[in-house]
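Notes for the structure review
Chain by chain, the residues run as shown.
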Amino acid sequence: MTAAHVVEEAASVAIMQEGGPAYQASVVGVETSTDVALLELHEDLDGHEFGITGSPTVAGESLAAIGHPLGDPLTITTGTTSRVDDALWPSFQLDISVSPGNSGGPVVRAGGPVVRADGDVVGMLVAKDTEAEGLSYAVRADVLTERLESPSLLAPPAPADCNRPLGPEESELPDIGAADDLEIAVAATFNNYFSGINGGDYQLAFDQLSPRLQGNMAVDEFAAGVETSYDFDFVAHTVEETSDGAHVWLEFVSLQAPGYGPEGEACTYWSLDYELIWHDGWLLIDGVTGHDGSSGHVSCS
């Protein structure tokens with residue numbers, strides 16, 4: 001489950017494990033009145049599994065919110081339940097400081113400043129009070145349980161209504177290292193290329209291609225192929241100097257609208273060899289092949 005506003009009109013959804021792989025997911029249904037969305041995966045995830053409480057939280061109870069505030073690594077923030085009454089249904093109020101990125105994360109019972117492994121989920125974080133320091137709101141556990149048990153309570157998700165969906169505003173970029181002039185030039189090329197794709201500036205991304213590659217397609221054709229894509233989770237394995245420029249082995253994950261993936265999937269792992277050449281003082285992408293003779297891609301599922 002997650003907050004409905006997190007996946008609202010999403011073109012593609014994936015579940016990321018902390019320090020692990022991505023899994024393609026689909027939105028089963030949403031309920032805007034409670035801000036709840038139910039997701040479905042086609043394979044099991046590893047890791048700890050929290051249970052949902054059968055008893056509601058009460059004012060003063062020690063709680064912890066688990067999430068990724070502002071896109072940071074997994075963060076646990078502790079506090080207390082501050083208000084539970086019918087006027088707040090389907091939510092309750094917490095005295096826990098949260099930020100964008102916490103939405104959809106679990107709120108669990110805690111033993112003081114420590115999250116207990118057997119701590120039950122008492123709610124799902126959905127909002128913060130922008131006019132009061134440290135106050136936030138979570139959907140109650142009984143509401144979550146009812147929708148998990150009866151998905152028919154949720155409405156089918158609305159399709160994305162834009163032609164070129166975009167990812168988060170501050171997208172991840174490849175970490176090349178930039179320890180020498182070659183790596184600095186490689187980093188500049190890849191940063192422009194992937195930030196252009198993720199941010200919808202397809203001309204910027206297209207400009208990182210060599211004249212040879214640009215001669216094979218117009219910028220509109222290039223944009224049509226990547227206009228639903230969002231690339232992230234980059235790993236630059238090698239950057240090697242060549243007689244003409246550089247050879248780079250790069251792995252990453254892409255999300256795209258279903259049907260745009262190599263096999264029609266919405267989530268793809270890529271392992272690619274890029275050939276870059278010098279042209280007018282810039283390193284430009286002149287060739288892309290699957291790493292070490294492979295196809296270079298595999299579905300997240």
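Presented here is an overview of the structure given in this document. What you see is a predicted model, and the numbers here were worked out from it, not measured in a lab.

Bringing the pairing of strand β14 (residues 267-279) into the picture now. Working note: regular strand, side chains alternate between the two faces of the sheet. The pairing of strand β13 (residues 245-255) with β14 spans eleven bridges and is antiparallel. Of the residues in β14, the one forming a bridge with Glu251 is Ser271. Alignment of β14 against strand β16 (residues 297-299), held across three bridges, turns out to be antiparallel. Among the inter-strand pairings, Tyr269 is bridged to a residue of β16, identified as Val298. Bridge count between β14 and strand β15 (residues 282-290): eight bridges; the pairing is antiparallel. When the sheet's bridge partners are listed, Ile277 is paired in β15 with Leu284. Where β14 folds back onto β15 in an antiparallel hairpin, the turn is made up of two residues, including Asp280, whose phi is positive at roughly 55°.

Right, let's talk about helix α6 (residues 219-226) for a bit. Residues spaced three or four apart along an α-helix face the same direction, because each turn holds 3.6 residues. Along α6, the residues that are buried comprise Phe222, Ala223 and Val226. With its buried residues spanning 100° around the axis, α6 presents them on a single face. In α6, the exposed positions angled more than 90 degrees off the buried face are occupied by Asp220 and Glu221. Looking at the packing, one finds that the buried side of α6 touches α3 (181-199) and α4 (202-206).

Take the nonpolar core next. Phe190 and Tyr274 are the most contacted members of the largest nonpolar core, which totals 28 residues. Of all elements in the fold, only α3, α4, α6, β13, β14 and β15 reach the threshold of two or more residues within this core. Sort the elements by how many residues they give to this core and α3 lands first, with eight residues. With residues up to four places along the chain from it excluded, the contact list for Phe190 reads Pro174, Ile176, Ser195, Val248, Leu250, Tyr274, Leu276 and Ile285. The next biggest cluster of nonpolar side chains, apart from the first, holds ten residues, and it includes Phe92, Leu94, Val122 and Leu125.

Criteria and cut-off values
Residues numbered from 1 in each chain as written. Predicted model: local features only at pLDDT ≥ 70, side-chain atom pairs only at ≥ 80, totals over all residues. Heavy atoms only, no water. Pairing = 2+ DSSP bridges. Helix = DSSP H or I, 4+ residues; strand = E, 2+ residues; numbered from the N terminus. Buried < 20%, exposed > 50% of the residue type's maximum accessible area, 1.4 Å probe, protein only. Arc of directions from axis to C-beta. Contact = heavy atoms within 4.5 Å. Core = buried A, V, L, I, M, F, W, Y, C linked by side-chain atoms within 4.5 Å.

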